[in-house]
Amino acid sequence: MSSSKTLRKLQVVSPVPADIDVANSVQPLHISEIANELNLSPNHYDLYGKYKAKVLLSVLDEVEGSKDGYYVVVGGITPTPLGEGKSTTTVGLCQALGAFLDKKVVTCLRQPSQGPTFGIKGGAAGGGYSQVIPMDEFNLHLTGDIHAITAANNLLAAAIDTRIFHESTQSDKALLNRLCPPNKEGKRSFSNIMFRRLKKLGISKTRPEELTPQEVKKFARLDIDPDSLTWRRVMDVNDRFLRKITIGQGPEEKGMVRETGFDISVASEIMAVLALTTSLADMRERLGNMVIGNSKAGDPVTADDLGVGGALTVLMKDAINPTLMQTLEGTPVLVHAGPFANIAHGNSSIVADKIALKLVGPGGFVVTEAGFGADIGTEKFMNIKCRYSGLTPQCAVIVATIRALKMHGGGPEVIAGKPLDHAYLNENVALVEAGCVNLARHISNTKAYGVNVVVAVNMFSTDSEAELSAVRNAALAAGAYDAVICTHHAHGGKGAVDLGIAVQKACENVTQPLRFLYPLDTGIKEKIEAIAGSYGASGVEYSEQAEKQIEMYSKQGFSGLPICMAKTQYSFSHEASKKGAPTGFTLPIRDVRASIGAGFIYPLVGTMSTMPGLPTRPCFYDIDLDTATGKVIGLS
């Protein structure tokens, strides 16, 4: 691909300008050119403007017989609140593989949420000379997938409260008559989706009038227990004041008041479903199987019980197609799904990875990123995503920075928005070496899956040769296949060529099959304890609420699902302040919840917020539009 017309040579400037300025300095190619390089014909994609296209799932049918390329996941060490450049490294590595090493490559990334973009973290397109462009479109509405998720999620929320309302005011017979209204000939019938509920109830009758009074009650009355409801409304901005709200205060709601709240859209189970689905039919089943709470008898109530699974699928029918974009150096990117990395599994979609692996073919590379540190993102990538996809990665990259390693070695607290302490700006090899215990545990945990591990040290201008050498030595001693110093932020793909070579060798020399951390057929507690052991915990403590939920999910038949831990990303433990590689602690499980449609049980470790708040000075202060040129300014 090095002679490809889509690849472009970057004119790098030092010091590196602001991300949006770098992004705006490069004119993106028409997306049809990027598609053409992947052998996608115009009937394989729908254009969304000049620089984005939706790749249609039908591509998978056409390439079904072809072989996959190499599969690489990028994780990181336990980060500082500033982030260590995982997205930037993912993009830089792909630019190196495509623009300098003559490889077919596709980058697979999550779609950013507008919450962080306007809040505290800024955008997620990478940084410096390793970015996805157009950067403003990537970070804002893109092709509307998050808006579709928001609409679907809130339609289900409306259906829940409406059903509780109508059941409270009607008899069983009246409910049945309204659910199955007569047609023009005066005959009543079940709609197609109702047969799903009838089958679940063990009722094989095909006409409403055949139901006995007892069957009418079972079919028409969901009898939802409001105290058991787990489904909340969502929106894609950070709004702390919607974390807890009271609904039903209008005079027409007849006193049906209850407490609920909003999550951010990327925390919706529908987002996790999108990321883990494998086909349109599979997505339809997952959406219908989502459990919103229980009946008063303790039975799970699903979206299909409410009759809304089909409508949710209709709202999501375009969102299932990944969005094609490009990097600064003209290599292709598939952007798809963006599940929360500490509540959900924090990985982009299975369908994007599957399409990409076929498009690059044998000898090509698909590089995807797993959210947060490897203890969360890479663990969930392996144990949840790879289980559902059936795909096997050959290499895992772990991104490290001198800054983060110094913090893990006992350096002062790193706070977003505040200047770094001098310890982080001056040479201190001993501090770096002390912090490498964190890197070493991430390496050993990740190697246990049977993949080769390559450490990418994301270099900053303040890093010294001695510090970088100390990290490389520690990584190799801990069992890394290789450890490479990278300057892709400052130099683009050219600064990650050594990383690309190391990743290629690691992929070509895998000797073991993929191994999971736990088998699915053990109990919920056994799986939780296996993951806790990988964190360094000596035991697990369950709250009364957690015990109750584990018992209920086991009784309902959900104990065979994988586990998705909701835990702080700032420590292996449950306490963000515990740096390095803590051991001997007891991991407290506060609650256990389930995303049945997505296909995982998620234990809550400590307090996890599903709706972030805005800081005193959010990123939106810097974001504006140049009205003369129409260009977005100030995005970071």
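Cut-offs used in this document
Residues numbered from 1 in each chain as written. Predicted model: local features only at pLDDT ≥ 70, side-chain atom pairs only at ≥ 80, totals over all residues. Heavy atoms only, no water. Helix = DSSP H or I, 4+ residues; strand = E, 2+ residues; numbered from the N terminus. Rg over C-alpha atoms; globule rule 2.2 N^0.38 Å. Buried < 20%, exposed > 50% of the residue type's maximum accessible area, 1.4 Å probe, protein only. Lys, Arg positive; Asp, Glu negative; His and termini not counted. Charge placed at Lys NZ, Arg CZ, Asp CG, Glu CD. Pairing = 2+ DSSP bridges. Salt bridge = Lys/Arg side-chain N within 4 Å of Asp/Glu carboxyl O. Core = buried A, V, L, I, M, F, W, Y, C linked by side-chain atoms within 4.5 Å. Contact = heavy atoms within 4.5 Å.

As annotated in an unreviewed UniProt entry, the protein is formate--tetrahydrofolate ligase from Quercus rubra.

(A) Looking closely at the overall build of the protein. When you go through the protein residue by residue, the secondary structure sums to 22 helices and 23 strands. By the compact-globule yardstick of 26 Å for 636 residues, the protein fits well, its C-alpha radius of gyration being 25 Å. Relative to its full complement of 636 residues, the protein shows a buried share of 58%. Placing the 63 positive and 64 negative side-chain charges of the protein at their respective mean positions leaves the two points 4 Å apart.

(B) Focus on the pairing of strand β6 (residues 130-133). The side-chain alternation of β6 yields two buried faces, one formed by S130 and V132 and the other by Q131 and I133. Pairing of strand β5 (residues 126-127) with β6 involves 2 bridges; the strand directions are antiparallel. Its bridge partner lying in β6, G126 is registered against Q131. From the end of β5 to the start of β6, which pair antiparallel, there are 2 residues, and G128 there has a positive phi angle of about 60°.

(C) Broad picture of the pattern of salt bridges. One pass over the structure, following the stated rule, counts 31 salt bridges. Residue R284 pairs with D304 through a salt bridge whose shortest N-O separation is 3.1 Å. Here the residue R284 occupies a position in helix α12 (residues 280-289), and D304 occupies one in the loop between β12 (300-302) and α13 (309-316), the gap between them amounting to 20 residues. The same class applies to R284 as to D304, namely buried. Ionic pairing is found between K567 and D375, a salt bridge with its closest N-O pair at 2.8 Å. One end of the pair, K567, is in the loop between α22 (544-555) and β20 (586-595); the other, D375, is in the loop between β15 (365-369) and α15 (377-389), and 192 residues separate them in sequence. For the pair K567 and D375, a shared accessibility class is recorded, and that class is buried.

(D) Spatial organisation of the nonpolar core. Grouped together as the largest cluster of nonpolar side chains are 88 residues, with contacts concentrated most on L40, L156, I292, M316, L324, L334 and F600. Aside from chain neighbours lying at most four places away, what touches M316 is A148, I149, A152, I270, L274, M283 and L287. Membership of the second largest hydrophobic core comes to 25 residues, among which are M565, F585, I589 and A594.

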